[in-house]
Amino acid sequence: QQQVKQSPQSLIVQKGGISIINCAYENTAFDYFPWYQQFPGKGPALLIAIRPDVSEKKEGRFTISFNKSAKQFSLHIMDSQPGDSATYFCAASTTGSQGNLIFGKGTKLSVKP
Amino acid sequence: NAGVMQNPRHLVRRRGQEARLRCSPMKGHSHVYWYRQLPEEGLKFMVYLQKENIIDESGMPKERFSAEFPKEGPSILRIQQVVRGDSAAYFCASSPLSLAGAVTDTQYFGPGTRLTVL
């Protein structure tokens, strides 16, 4: 119930291509869905986040698509660049609860030049 | 505006020793979260603290682990009598308050402390 399932585990994309990472959840009380980017040896950095009242949010080359009925959300990275190579984590939490984030297991993205 | 600061960045301990990990939240943030990350895994919530108050420690192991966030100074995650299975990266995150005074959802992470138990 508290899990967030993330796929794929790893992803290889050519430079300029679109990277797509998917997450699914069960707990309908979740109402905050952030994506974090983590480089080796560094802490996770907030990339973009969405709430269930919108179906899509775009910031630069990064877009979150949210499907409330399917309980799924995804991250799209347009025009992927070698500098985007990192591990990406989706997460979910419930506003007003204790606030702790439930993380997916991560997707290791490699963008080939 | 400095981000979340953690020290030490790397910590090596022998089995049975104590590990103390420190976290200074972003300026103006009074809510701190600790997470643990095992190799090739996502982050797992451990504990959520406000100044002088533990709000949620549901993710904290019942024994050997404790956390505090005193009125003055950094938050401390303490692991007593460390074992090899404690080897992991420990991340601290902090959250600001909204204009209405409620904690926001956004969590900003520090660079982590990588604990190695020999």
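Structure: above.
Every chain is numbered on its own, with residues counted from 1 as its sequence reads. Each chain gets a letter, beginning with A, and each ligand a number, beginning with 1, in the order they are written. Given that this is a predicted model, residues contribute local features only at a pLDDT of at least 70 and side-chain atom pairs are listed and counted only at 80 or more, while totals for whole chains, interfaces and linings are drawn from all residues. Excluded from the side-chain calculation are hydrogens and water; included are all heavy atoms of the structure.

Caption draft 1: Representation of the sheet that holds strand β8 (residues 75-79) of chain B in the model. Residues and elements named next belong to chain B. Taken in spatial order, the four strands of this open sheet run β1-β3-β8-β7, and their pairing is antiparallel. Taken across any chain shown, the strands that pair with only one partner, and hence form the sheet edges, are β1 (5-7) and β7 (65-68). The sheet shows a mean angle of 15 degrees between the axes of neighbouring strands, direction not considered. Paired strands, as defined in this entry, are two strands with at least two bridges between them according to DSSP. Only runs of H or I of at least four residues qualify as helices and only runs of E of at least two qualify as strands under DSSP, and these elements are numbered from the N terminus. The axes are straight lines fitted to the C-alpha atoms, using for helices just the contacting stretch, and the angles between their N-to-C directions are given from 0 to 180°.

Caption draft 2: Structural detail: the sheet that holds strand β8 (residues 72-77) of chain A. Residue and element names in this part refer to chain A. Here we have five strands laid out as an open sheet, ordered β1-β3-β8-β7-β6, and antiparallel in their pairing. Lying at the two open borders of the sheet, with one neighbouring strand each, are β1 (4-7) and β6 (56-59). With direction set aside, neighbouring strand axes in the sheet form an average angle of 15 degrees. Where β6 and strand β7 (residues 62-67) come together, four bridges link them in antiparallel fashion. Note on β7: the bridge partner recorded for Lys58 is Thr63.

Caption draft 3: Fine view of the packing of aromatic side chains. Between rings of Phe, Tyr and Trp, where Trp is taken as its six-membered ring, a pair exists when centres lie within 6.5 Å; planes separated by under 30 degrees are stacked, by over 60 edge-to-face, and by other angles tilted. Scanning all chains against the criterion turns up 16 aromatic pairs over all chains. Plain terms: the ring middles of A:Phe33 and A:Phe66 are 4.8 Å apart, the flat faces sit at 45 degrees to each other, and that makes the pair tilted. With A:Phe33 in strand β4 (residues 33-38) and A:Phe66 in strand β7, the pair connects residues that are 33 residues apart, well separated along the chain. In this pair, the class of A:Phe33 matches that of A:Phe66, namely buried. The interplanar angle of 75 degrees and the centroid separation of 5.9 Å between the aromatic rings of B:Tyr35 and B:Phe45 together place this pair among those described as edge-to-face. Remark: B:Phe45 occurs in strand β5 (residues 43-50) and B:Tyr35 occurs in strand β4 (residues 31-37); sequence separation between them is 10 residues. The buried label applies to any residue whose accessible area, calculated with a 1.4 Å probe on protein chains only, is under 20% of its type's maximum; exposed applies above 50%, and partly exposed to all values in between.

Caption draft 4: Local environment of the interface of chain A and chain B. Whether two residues are in contact is decided by their heavy atoms, any of which lying within 4.5 Å being enough. Listed as interface residues are 19 residues of chain A and, on the opposing side, 20 residues of chain B. Salt bridges are defined by distance alone: a side-chain nitrogen of Lys or Arg within 4 Å of a carboxyl oxygen of Asp or Glu. Counting across the chain A and chain B interface gives zero salt bridges. Two N or O atoms count as a polar contact when they lie within 3.5 Å, although within protein this holds only if one can serve as hydrogen donor and the other as acceptor, and sequence-adjacent residues are included solely when both atoms are side-chain atoms. On the surface where chain A and chain B come into contact, there are six residue pairs in polar contact (both at pLDDT 80 or more). Looking at side-chain class alone, the side of chain A that touches chain B contains seven nonpolar, nine polar and three charged residues. Gly is placed with the polar residues, together with every amino acid not listed as nonpolar (Ala, Val, Leu, Ile, Met, Phe, Trp, Tyr, Cys and Pro) or charged (Asp, Glu, Lys and Arg).

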